[in-house]
There are 2 protein chains.
Amino acid sequence: MKIGDKREKIIHSAIYIFAEKGFHEAKISEIAENAGVADGTIYLYFKNKTDILLAIFEEEVAKIITKINQRLITADDPLEKLRIFVKLYFNMLMNNKDLALLLQTELRRGNEYIKEYYEHKFSEYLKIIFDFITEGQNKKIFREDLNPDFVASAIYGAIDEVSRLVFFSPDKKYNFNLIIDQLNDLFIKGLVKKSD
Amino acid sequence: MKIGDKREKIIHSAIYIFAEKGFHEAKISEIAENAGVADGTIYLYFKNKTDILLAIFEEEVAKIITKINQRLITADDPLEKLRIFVKLYFNMLMNNKDLALLLQTELRRGNEYIKEYYEHKFSEYLKIIFDFITEGQNKKIFREDLNPDFVASAIYGAIDEVSRLVFFSPDKKYNFNLIIDQLNDLFIKGLVKKSD
DNA sequence: AATTAAAATGAATTATTATTCATTATTCTA
DNA sequence: TAGAATAATGAATAATAATTCATTTTAATT
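Worth saying up front: this structure is predicted, and the values here are computed from it rather than measured.

About the thresholds
Residues numbered from 1 in each chain as written. Chains lettered and ligands numbered in written order. Predicted model: local features only at pLDDT ≥ 70, side-chain atom pairs only at ≥ 80, totals over all residues. Heavy atoms only, no water. Helix = DSSP H or I, 4+ residues; strand = E, 2+ residues; numbered from the N terminus. Salt bridge = Lys/Arg side-chain N within 4 Å of Asp/Glu carboxyl O. Buried < 20%, exposed > 50% of the residue type's maximum accessible area, 1.4 Å probe, protein only. Near = heavy atom within 4 Å. Polar contact = N/O pair within 3.5 Å; in protein donor to acceptor, adjacent residues only side chain to side chain.

Student: So what about unusual backbone geometry? Which residues, and what values?
Tutor: The residue K140 of chain A is not glycine, and still its phi comes out positive at about 60 degrees. Along the chain, K140 of chain A falls in the loop between α7 (112–138) and α8 (148–167).

What follows is the structure in structure tokens.
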């Protein structure tokens, strides 16, 4: 086994077990078993249980933010940026269910260690949206009367909750592209029927 | 002290402590101390720690749903129902910060005991929105191409996340009525500037 | 192949807290 | 008001699970 592989394995087992049971109900011994290592081995790679959670946030969230930002700089129309963001972010959630559930539950906790992280890193997420909203307002494409902070939170929260609808309706077969289009449509055009 | 008062006191202390620390970090002894009773007393009113959490969900969420439904039947325009819902629900979150934080964190957990509750009771929330959305579509007020399930989740998630923005920006003084108006505006008219 | 160094193990330890229950206080009843 | 019944207490118990570390295994070096 390559160096570094073991750490990766532990991280991925932890994402899975944390998502499955929640941080506190997840036992180190379960993570170790799932990763195929001994309990003690985990402590060679991580200071303690919390340290695993923080490593997941630090590393995995950073990957996502980087990926989204890289894609967004290829567009310059704010409307297109919104569409790209919704598509990328929603698809990312769908393709990383365990990580998504973990972020959605544990990132919300009030724990001191997480709170610090939350306030710092989570705002980067919102900043991505905030930026193309204000850009759109400056370019007179988006309405200027809406506070971009509220809009950023609203869009983020909406995507998040719709992803949970999908996760918790395992019986239903959803068309992800349809969901993405409809979310964009709702944000862009609103609910009300156009009088044409 | 009146009969029943003690149970109420424990419930309210639990809401406070659970919201502050999270369910698992909250100690029975802390809840007892805050409520001004002995640790053992809590077990005269509740089977165990989880039972307190479930009681909070059962009782407090039921109150909210009842209140919203009672108010909604006084309106018949779906657009007005949307406005009423957003206003009532957002204000409820603002006026019950501890309960709001508790619902937002613990209701998302994957625990078996909560999952059962979540799937049953949480859907009642979404059903409220779902109903006036479909009503609006049937009356040709709302666009019919949007899946009302997605819209319900999106609206719920948006309000929830904006409430967290407010909770976690204690320095900023937000005008709640402005937020409510802007949320409604976003849902109803969308982001894009009207070409007039 | 022998020696040293690094990595991994998992049983034992430790710390934490939910829960119990023998005891005490309070309230009710006749 | 005495005696029974009910409610409350909180120190002791029990259960759980994170963490440690003496020992073993594997890898690297000469």
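Student: Please give an account of the pattern of salt bridges that cites residues and values.
Tutor: Once the charged atoms of two side chains with opposite charge are near each other, the side chains can pair. For the structure shown, the criterion picks out 24 salt bridges over all chains. Measuring nitrogen to oxygen at the nearest pair gives 2.9 Å for the salt bridge that ties R108 of chain B to E161 of chain A. Taken as a pair, R108 of chain B in the loop between α6 (97–106) and α7 (112–138) and E161 of chain A in helix α8 lie in two separate chains rather than in one. Residue R108 of chain B is classed as buried on the basis of its relative accessible area, which comes to 8%. One salt bridge in this structure joins R7 of chain B and E59 of chain B, with 2.9 Å as the shortest N-O distance. Residue R7 of chain B is found in helix α1 (residues 5–21), and its partner E59 of chain B is found in helix α4 (residues 49–72); the two are separated by 52 residues along the sequence. Look at the salt bridges and you will find they share partners, linking R143 and D145 of chain A together with D185 and K189 of chain B into a network.

Student: Break down the protein's contact with DNA strand D for me, with residues and values.
Tutor: For DNA strand D, the set of nearby residues contains 14 residues, the closest of which are I28 and Y43 of chain A together with A38, T41 and Y45 of chain B. The contact atoms of DNA strand D, taken as those within 4 Å of the protein, divide so that sugar and phosphate hold 71%. In the environment of DNA strand D, a phosphate oxygen lies 3.0 Å from a nitrogen or oxygen atom belonging to the backbone of K49 of chain A. A distance of 3.3 Å separates a base nitrogen of DNA strand D from a polar atom in the backbone of G40 of chain B. For the surface near DNA strand D, the secondary-structure elements that each account for two or more residues are α3 (39–45) of chain A together with α3 (39–45) of chain B. The greatest single-element share of the surface near DNA strand D, amounting to four residues, is contributed by α3 of chain B.

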